[in-house]
Amino acid sequence: MPKVEGTYPHSMTKVEAADAAKQAMTKLVASFEATDVVISSDGEDNVGFSCKSRGFSIAGKAFIGEDDIKVVVDLPMMAIAFKGLVKAAMDKNIPKHLES
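What you see is a predicted model; the values in this text were computed from it and never measured.

Draft legend 1. Representation of the overall build of the protein chain within the structure. If you tally the helices and strands in the protein chain, you get two helices and five strands. For the protein chain, the N- to C-terminal ordering of α and β elements is β-α-β-β-β-β-α. Its C-alpha atoms give the protein chain a radius of gyration of 13 Å, within 12% of the compact-globule value 13 Å for 100 residues. In terms of overall dimensions, the protein chain has a C-alpha envelope of 35 × 20 × 20 Å along the principal axes. Counting every position in the protein chain, which comprises 100 residues, the buried fraction comes to 40%. In the protein chain, the share of contacts with a sequence separation of at least 24, taken over all contacts with a separation of at least 6, comes to 55%. For the protein chain, the exposed surface amounts to about 5500 Å²; the carbon and sulfur share of it is 55%.

Structure follows, in structure tokens:
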């Protein structure tokens, strides 16, 4: 399964960063024009999502660190052509939510 990864710095507490990551994931899946969206959070260390976009099931997770957030999005093999678009959407949407 192809993975799209990105690491984004933040200067917030982990709880604040988790809240920001949840907002960022919501914006990210909106950019996919997704349906069946589920966003989950354990409150401090991880924010995950799953959705369907263009007939593909997509899932991802944000791992919250002390000073950065690592985002990994899993794409089905048939959606590998969208890998660049997913990375561009991540780079566009996630940093906006991490600015203090």
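Draft legend 2. Seen up close, the sheet that holds strand S5 (residues 68-74). Across the sheet, which stays open at both edges, the five strands sit in the order S1-S5-S4-S3-S2 with antiparallel pairing between neighbours. For this open sheet the edge positions go to strand S1 (3-9) and strand S2 (35-41), each flanked by a neighbour on one side alone. Between one strand axis and the next, the sheet turns by 10° as a mean value, whatever way the strands run. In the packing of helix H1 (residues 14-31) onto the sheet, contacts are made with S2, strand S3 (46-53), strand S4 (56-64) and S5, and the angle to S3 comes to roughly 5°. On the sheet, helix H2 (residues 83-98) packs against S1 and S5 and is oriented at approximately 20° with respect to S1.

Draft legend 3. Looking closely at the nonpolar core. Ranked by size, the top nonpolar core spans 28 residues in total, and within it Met25, Phe32, Phe49, Val71, Val73 and Met90 carry the most contacts. No other element matches H1, which puts eight residues into this core. Look past the residues within four positions of Phe32 in its chain and what remains in contact with it is Phe49, Cys51, Ser53, Ile58, Val86 and Ala89.

Draft legend 4. Spatial organisation of the environment of Val86. Along the chain, Val86 turns up in helix H2. For the pair Val86 and Val73, spaced 13 residues apart in sequence, the C-alpha to C-alpha distance is 8.2 Å. Discounting residues that sit within four places of it in the chain, Val86 has contacts with Val4, Phe32, Val73 and Leu75.

Draft legend 5. Molecular detail of the pairing of S3. Sheet topology note: the S2/S3 ladder contains five bridges and is antiparallel. Paired with Ser41 across the bridge in S3 is Val47. Once S2 ends, the chain turns through four residues before running back antiparallel as S3, passing Gly43 with a positive phi of about 95°. Note that S3 and S4 share eight bridges and pair antiparallel. If you follow Val47 over to S4, its bridge partner there is Ala62. Once S3 ends, the chain turns through two residues before running back antiparallel as S4, passing Arg54 with a positive phi of about 55°.

Conventions adopted
- Residues numbered from 1 in each chain as written.
- Predicted model: local features only at pLDDT ≥ 70, side-chain atom pairs only at ≥ 80, totals over all residues.
- Heavy atoms only, no water.
- Helix = DSSP H or I, 4+ residues; strand = E, 2+ residues; numbered from the N terminus.
- Rg over C-alpha atoms; globule rule 2.2 N^0.38 Å.
- Buried < 20%, exposed > 50% of the residue type's maximum accessible area, 1.4 Å probe, protein only.
- Contact = heavy atoms within 4.5 Å.
- Areas by Shrake-Rupley, 256 points an atom, 1.4 Å probe, with all protein chains shown as cover.
- Pairing = 2+ DSSP bridges.
- Axes fitted to C-alpha atoms, helices over the stretch in contact; angles between N-to-C directions.
- Core = buried A, V, L, I, M, F, W, Y, C linked by side-chain atoms within 4.5 Å.

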